[in-house]
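What follows is the residue order along each chain.
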Amino acid sequence: MWELGSRLGFIPERVLAAPSTVAETFWALTASGELPANLLVSLARAAAGLAIALAVAVSLGLLAGLSRWGETVVDPLMQIKRTIPSLALTPLFIVWFGIGETPKIALIAVATTFPIYLNLFAGVRGIDVRLVEAARSFGLSGWSLVREVILPGALPSFFVGLRYALGVSVLVLVVAEQINAQAGLGHLINNARDFMRTDIIVVCLLVYALLGLSADALVRTLERRALAWRPSLVEQ
Amino acid sequence: MVQPRIRRRAFDTAAPSSTPIASPAVAPAVKLTGFVRQFGENRVIDGLDLSIAPGEFVALLGASGSGKTTLLRTLAGLDPIGDQDVTTPGARAVVFQDARLLPWKKVWRNVALGLKDKDVRARAEAALKEVGLGHRLDAWPSTLSGGESQRTALARALVREPGLLLLDEPFAALDALTRLKMHDLVLNLWSEHKPAVLLVTHDVDEAISLADRVLVLNKGKIAAEEHITLERPRAPDARFQAIRRRLLGHLGVEAPAPHEGALIAFPTGEAVQ
Ligand SMILES: Nc1ncnc2c1ncn2[C@@H]1O[C@H](COP(=O)(O)OP(=O)(O)OP(=O)(O)O)[C@@H](O)[C@H]1O
Ligand SMILES: [Mg+2]
């Protein structure tokens, strides 16, 4: 219908390109290497932001989960952070970090830290204390107790957080890349906007959607591997 | 084998030894004197004396809430004891009522939990073979039956060659037939490895068929004690029934008509106080 509308001229090229045009553009952009190159830049940004978020969230989540004072120190800060929408920090980050790569990565990191932290914290606190006790009775303590019992026990909940964070990272990527990007999908979109190339914009939107989907698929695969021990409610 | 012994906070003053010791020549594996444990106002253990000889099999009976688990946890080192005097072997192992296997570790890794030598896999494998689970080494715990889980928990305890094996109602959740098989298994393992055993149970018949000595916990103290000298395996004959009646009396239960013939498991329901 979209195709038909475009062909008959009901949907002008300026408003929305025809699917066939979009497909053509997709091939052209891929063949020229323009799309893959920019996609890689965007992926690298998301990955960098997520890596920082993972490091911070896992440290803070363990700190707050494993000790009373850790909770007292860390949790209120994280809860305050949660009440500020991450995207609202954009202007501040531009002032602080300029318009280079830093604010983009920082935005992604900040936005994805909380879901990972919160779920890991809940996972650590929700651990079956009877298992911890049994493990202690067999001589586990300190780091070995964390590694063998607490982390694996918190893993299901951690994965929930990770999946959520990946979704958020794509969302924030879209916004962050509007900040004067010299490369990346956002840059591609901005250029296309200036030349009113709706076909390129649609291609980029589709790629963003694909990114979100593949991120989810990736975590699902990781989850299936890591949680193979878990009897599943729904038969695989 | 001489077990390393732990004496948590020893007193210098000689403790009064009014406790009957099974074999007075040997130093006991477990010794508690005037032990007290309370939760708030609730004195669960109140001046309890207990002594278990190395290699002795002791069963502990008592009404629900009488403090059996509390005592076992103390001996396992899971609860704080303050500055009281508690002597136990260094190597202790617990089998809980719920097997408490780590669901994310395969069966053999559960057995090997916390072991540090090189050939832990071989040791875990040997222990699992001993309990008849040599074929489930790489299974996930969630795929085990209740009896298999408890056998895994037994293997996990025994692989440590404990000087004291603590069993907290390990068979309570099993069906009668499986329970009888587990009794044989425990007796075999016990005569093989000879740890001192403290078995907490609700089941008077279970206590009499397995233990050298049966204790009844009441009001925070050992209220009664029966030495069982019957030959193993123990048939529910007249002497068995006499012991059973006495123990049920200590538990405050009217002894029902004696069972003849087959060993019928006493209903595991709570003894009435
Ligand atoms: N952590 C705790 N805090 C407060 N009270 C406790 C705690 N643990 C046990 N108690 C109390 O101590 C008493 C003895 O409990 P315990 O679990 O030792 O009984 P039990 O003899 O093992 O009973 P059962 O046969 O039902 O397992 C109970 O009244 C219980 O409520
Ligand atoms: Mg109990």
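Residues numbered from 1 in each chain as written. Chains lettered and ligands numbered in written order. Predicted model: local features only at pLDDT ≥ 70, side-chain atom pairs only at ≥ 80, totals over all residues. Heavy atoms only, no water.

Draft legend 1. Inspection of the overall build of chain B at higher detail. For chain B, the count of helices and strands is seven helices and 10 strands. Counting the 273 residues in chain B, one finds 52% classified as buried. In chain B, the proportion of contacts linking residues at least 24 apart, taken out of those at least 6 apart, comes to 69%. As presented, chain B carries roughly 12200 Å² of accessible surface, and 53% of it is formed by carbon and sulfur atoms. (Helix = DSSP H or I, 4+ residues; strand = E, 2+ residues; numbered from the N terminus. Buried < 20%, exposed > 50% of the residue type's maximum accessible area, 1.4 Å probe, protein only. Contact = heavy atoms within 4.5 Å. Areas by Shrake-Rupley, 256 points an atom, 1.4 Å probe, with all protein chains shown as cover.)

Draft legend 2. Highlighting the packing of aromatic side chains. All chains considered together, the criterion is met by nine aromatic pairs over all chains. Ring centres 5.4 Å apart and planes at 70° place the aromatic pair Phe26(A) and Trp27(A) in the edge-to-face group. The class of Phe26(A) is partly exposed, set by a relative accessible area of 30%. Overall, Trp27(A) belongs to the exposed group, its relative accessible area being 59%. An aromatic cluster is built from Phe93(A), Trp96(A) and Phe97(A), whose rings are joined through pairwise contacts. Geometry around Phe96(B) places Arg100(B) over its ring, the cationic atom sitting 3.9 Å from the centre. Note that Lys106(B) overlies the ring of Trp140(B), its terminal NZ or CZ placed 5.0 Å from the centroid. (Phe/Tyr/Trp six-rings, centres within 6.5 Å; stacked < 30°, edge-to-face > 60°. Lys NZ or Arg CZ within 6 Å of the ring centre and 35° of its normal.)

Draft legend 3. Fine view of the interface of chain B and chain A. At the junction of the two partners, chain B supplies 20 residues and chain A supplies 16 residues. When chain B packs against chain A, close to 1700 Å² is buried across both sides, 66% of that on carbon and sulfur atoms. Interface area lost by chain B to chain A is led by Leu78(B), Arg100(B) and Trp104(B), which between them contribute 36%. The tally of links between chain B and chain A comes to four salt bridges. Among the salt bridges present, the one from Asp98(B) reaches Arg130(A), with a minimum N-O distance of 2.3 Å. Those elements giving two or more residues to the side of chain B that touches chain A turn out to be strand S6 (92-95) and helix H4 (146-158) of chain B. With three residues, S6(B) is the single largest residue contributor to the side of chain B that touches chain A. Residue classes in the side of chain B that touches chain A are distributed as 11 nonpolar, two polar and seven charged. (Buried area = accessible area lost by both parts, 1.4 Å probe. Salt bridge = Lys/Arg side-chain N within 4 Å of Asp/Glu carboxyl O. Nonpolar A, V, L, I, M, F, W, Y, C, P; charged D, E, K, R; others polar.)

Draft legend 4. Spatial organisation of the UniProt feature "domain: ABC transporter" (unreviewed entry) in chain B. Sites flagged by UniProt as "domain: ABC transporter" (unreviewed entry) map to residues 30-244 of chain B. Helix makes up 33% of residues 30-244 of chain B and strand makes up 27%, while its end C-alpha atoms are separated by 26 Å. (UniProt positions renumbered as here; feature names shortened; annotations may be inferred.)

Draft legend 5. Here's a closer look at the pairing of strand S3 (residues 42-52) of chain B. One ladder, built from eight bridges, connects strand S2 (residues 30-39) of chain B with S3(B); its direction is antiparallel. Residue Val36(B) lies in a different strand from S3(B), and its bridge partner there is Asp46(B). (Pairing = 2+ DSSP bridges.)

Draft legend 6. Quick look at unusual backbone geometry. Residues and elements named next belong to chain B. The linkage connecting arginine 232 with the following residue, proline 233, adopts the cis geometry, with an omega of -10°. Secondary-structure assignment places proline 233 in the loop between strand S10 (221-227) and helix H7 (238-250). Positive phi, normally seen in glycine, also occurs at arginine 100, with a value near 55°. Examined against the element boundaries, arginine 100 turns out to sit in the loop between S6 and helix H2 (107-111). With a relative accessible area of 14%, arginine 100 lands in the buried category. Located in the positive-phi region is glutamate 161, a residue other than glycine, with phi close to 45°.

Draft legend 7. A look at the pairing of strand S4 (residues 57-62) of chain B. Residues and elements named next belong to chain B. Along S4, six of the six residues are buried, which leaves the element largely enclosed by surrounding structure. A two-sided burial pattern is seen for S4, the buried positions comprising Phe57, Ala59 and Leu61 on one face and Val58, Leu60 and Gly62 on the other. The sheet contact formed by S4 and strand S8 (residues 196-200) spans four bridges and is parallel. Each bridged residue has a counterpart across the sheet, and for leucine 60 the counterpart in S8 is valine 200. In this sheet, strand S9 (residues 213-218) lies alongside S4 in parallel orientation, the contact comprising five bridges.

Draft legend 8. Representation of the site of ligand 1 within the structure. Residue and element names in this part refer to chain B. The immediate surroundings of ligand 1 are formed by 13 residues, with Ser64, Gly65, Lys68, Thr69 and Thr70 found nearest. Within the contact set of ligand 1, an oxygen atom lies 2.8 Å away from a backbone nitrogen or oxygen of glycine 65. Within the backbone of serine 66, an N or O atom sits 3.2 Å from an oxygen atom of ligand 1. In isolation ligand 1 has 630 Å² of accessible area, and contact with the protein removes 57% of it. Taken together, the residues that form the shell around ligand 1 break down as three nonpolar, eight polar and two charged. (Near = heavy atom within 4 Å. Polar contact = N/O pair within 3.5 Å; in protein donor to acceptor, adjacent residues only side chain to side chain.)

Draft legend 9. Structural context of the packing of helix H9 (residues 185-194) of chain A against helix H10 (residues 198-226) of chain A. Residue and element names in this part refer to chain A. One way to put it is that H9 packs onto H10 with a least axis distance of 8 Å and a crossing angle of 160°. Considering their axes alone, H9 and H10 lie roughly antiparallel with respect to each other. Like other packed secondary-structure pairs, H9 and H10 cross with a definite hand, here left-handed. Here Leu185, Gly186, Leu188, Ile189, Ala192 and Arg193 of H9 come into contact with H10, specifically with Ile200, Ile201, Cys204, Leu205, Val207, Tyr208 and Leu211. Class assignment for the residues of the contact of H9 with H10 results in 11 nonpolar, one polar and one charged. (Axes fitted to C-alpha atoms, helices over the stretch in contact; angles between N-to-C directions. Parallel < 35°, antiparallel > 145°, perpendicular 65-115°, else oblique. Left-handed = near helix turned anticlockwise from the far one by under 90°.)

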